[in-house]
Amino acid sequence: MIPQIFDLKRRLIYKARKNTSFQKHDFLHREIFLDHLERLSMILQDMENITFIDVPEHFFELPETKAFLALKKTQQINKIQRETEILPVSIKQQNAIIALLTCHTINDLPGYLAQINNALCEDGTFIASFPGDKICKLLRDSFANAELEISNNYSPRFHPTIDIRDLGSLLQRAGFALPVADCDEYHVKYKDIHTLINDIRGMGEANCLNQPISSLNRETYHKTLEKIQASVINNKFSIDVITITGRSPSEEQQKPLKPGSANVSLANILGKNDAKL
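Residues numbered from 1 in each chain as written. Predicted model: local features only at pLDDT ≥ 70, side-chain atom pairs only at ≥ 80, totals over all residues. Heavy atoms only, no water.

Novice: Hey, could you go over the overall build of the protein chain for me, with residue numbers and the actual values?
Specialist: Scanning the protein chain from N- to C-terminus turns up nine helices and six strands. A principal-axis box enclosing the C-alpha atoms of the protein chain has dimensions of 70 × 55 × 40 Å. Per-residue burial for the protein chain yields a buried fraction of 45% across its 277 residues. A sequence separation of at least 24 residues applies to 86% of the contacts in the protein chain between residues at least 6 apart. Carbon together with sulfur atoms contributes 53% to the accessible area of the protein chain, which is approximately 15,600 Å² in total. When the 33 positive and 34 negative side-chain charges of the protein chain are each reduced to one mean point, those points stand 2 Å apart. (Helix = DSSP H or I, 4+ residues; strand = E, 2+ residues; numbered from the N terminus. Buried < 20%, exposed > 50% of the residue type's maximum accessible area, 1.4 Å probe, protein only. Contact = heavy atoms within 4.5 Å. Areas by Shrake-Rupley, 256 points an atom, 1.4 Å probe, with all protein chains shown as cover. Lys, Arg positive; Asp, Glu negative; His and termini not counted. Charge placed at Lys NZ, Arg CZ, Asp CG, Glu CD.)

What follows is the structure, given as structure tokens:
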């Protein structure tokens with residue numbers, strides 16, 4: 001049985017709240033989305049059918065989005081606001097699927113990735129983003145240490161993050177070809193720590209762990225802010241984002257040679273180089 005780490009109903013409540021004022025807090029999503037479009041634009045083939053998962057509606061009005069869709073000669077756009085962990089059956093034979101900061105709250109991530117792979121056409125492209133551990137660790141440790149100091153108790157308040165190497169392995173497990181996982185770092189300066197917390201809530205990234213949420217008293221909250229403040233310089237934060245890319249298998253894709261098929265021995269090459277030294 002798949003562990004239910006996240007509460008889907010709670011997530012949907014937070015996402016609904018986000019929609020009322022998200023444009024005030026969308027800077028990170030926007031930068032990541034534009035990065036995804038740039039990566040996809042470097043793939044030579046046209047993309048007639050593209051599915052966007054959890055991409056805000058106003059992002060489709062960006063000039064960069066319109067230019068990308070024109071470049072790729074896109075005819076059909078499917079927009080999904082993820083309400084379950086099951087991809088709609090209507091999503092099939094897609095040239096590309098973009099998932100914007102949404103897969104990190106899926107309980108059955110291997111299963112969801114397999115669904116996406118099946119929904120792509122041959123040699124279709126999947127790209128998705130995940131929050132890294134840098135800022136999550138800072139906030140998680142600050143809240144935990146403050147609670148332990150004041151009440152000798154600790155309630156998990158932050159989502160677990162996934163290692164970049166594990167994401168690459170999950171792509172392979174789901175059947176993707178040419179899997180790639182890399183990490184980018186965004187540097188953000190905040191006026192104060194309260195603004196950072198408000199941004200996290202405004203992005204819809206509040207705690208949706210599948211467990212009771214204990215209240216946080218004023219003393220613990222202020223102690224947490226003190227610890228965060230002591231860990232950063234001039235309110236500058238580094239936010240790391242992992243991006244994964246995979247292609248559905250195709251006979252036309254480049255494939256590695258079979259072991260033992262090389263015409264020249266690597267040992268001989270190294271030996272010749274050593275002799276020259």
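Novice: Describe helix H1 (residues 8-21), with residues and values.
Specialist: Here H1 contains 14 residues, and its C-alpha end-to-end distance of 21 Å stays within 8% of the 20 Å for a straight helix at 1.5 Å per residue. Restricting attention to buried positions, one finds in H1 the residues Arg10, Arg11, Tyr14, Lys15 and Lys18. Buried positions in H1, seen along its axis, are confined to an arc of 135° and lie on one side of it. For H1, the exposed residues set more than 90 degrees away from the buried face come down to Lys9, Arg17, Asn19 and Thr20. If you check the start of H1, you find a side-chain oxygen 3.0 Å away from the backbone N of Lys9, and it comes from Asp7. (Expected span 1.5 Å × (residues − 1). Arc of directions from axis to C-beta. Polar contact = N/O pair within 3.5 Å; in protein donor to acceptor, adjacent residues only side chain to side chain.)

Novice: Summarise the packing of helix H4 (residues 109-119) against helix H6 (residues 164-173); cite the residues concerned and give the values.
Specialist: Packing of H4 against H6 brings their axes to within 9 Å, and their N-to-C directions diverge by 50°. With respect to H6, the axis of H4 lies oblique. Judged by the twist between their axes, the crossing of H4 over H6 is right-handed. For the pair H4 and H6, the contacting residues are Leu109, Pro110 and Leu113 in the first and Leu167, Leu170, Leu171 and Arg173 in the second. Tallied by class, the residues present in the contact of H4 with H6 amount to six nonpolar, no polar and one charged. (Axes fitted to C-alpha atoms, helices over the stretch in contact; angles between N-to-C directions. Parallel < 35°, antiparallel > 145°, perpendicular 65-115°, else oblique. Left-handed = near helix turned anticlockwise from the far one by under 90°. Nonpolar A, V, L, I, M, F, W, Y, C, P; charged D, E, K, R; others polar.)

Novice: Run through the side chain of Gln94, naming residues and quoting values.
Specialist: Among the structural elements, Gln94 can be located in strand S3 (residues 94-99). Within the local environment of Gln94, its side chain forms a polar contact with the side chain of Thr51, the two groups lying 2.9 Å apart. Here Gln94 is in contact with Asn49, Ile50, Thr51, Asn78, Ala119, Leu120, Cys121 and Gly124, once residues within four sequence places are set aside.

Novice: How would you summarise the pattern of salt bridges if you had to cite specific residues and measurements?
Specialist: Tallied over the full model, the rule gives 17 salt bridges. Salt-bridge contacts for Asp184 lead to Arg39; the nearest nitrogen and oxygen are separated by 3.0 Å. Of this pair, Asp184 sits in strand S5 (residues 177-189) while Arg39 sits in helix H2 (residues 27-41), and the two are 145 residues apart along the sequence. Judged by relative accessible area, Asp184 falls into the partly exposed class, the value being 26%. With a closest N to O distance of 2.7 Å, Glu149 and Lys227 form a salt bridge. Of this pair, Glu149 sits in helix H5 (residues 134-151) while Lys227 sits in helix H8 (residues 218-231), and the two are 78 residues apart along the sequence. Salt bridges sharing partners connect three or more residues here, namely Asp35, Arg39, Asp182 and Asp184. (Salt bridge = Lys/Arg side-chain N within 4 Å of Asp/Glu carboxyl O.)

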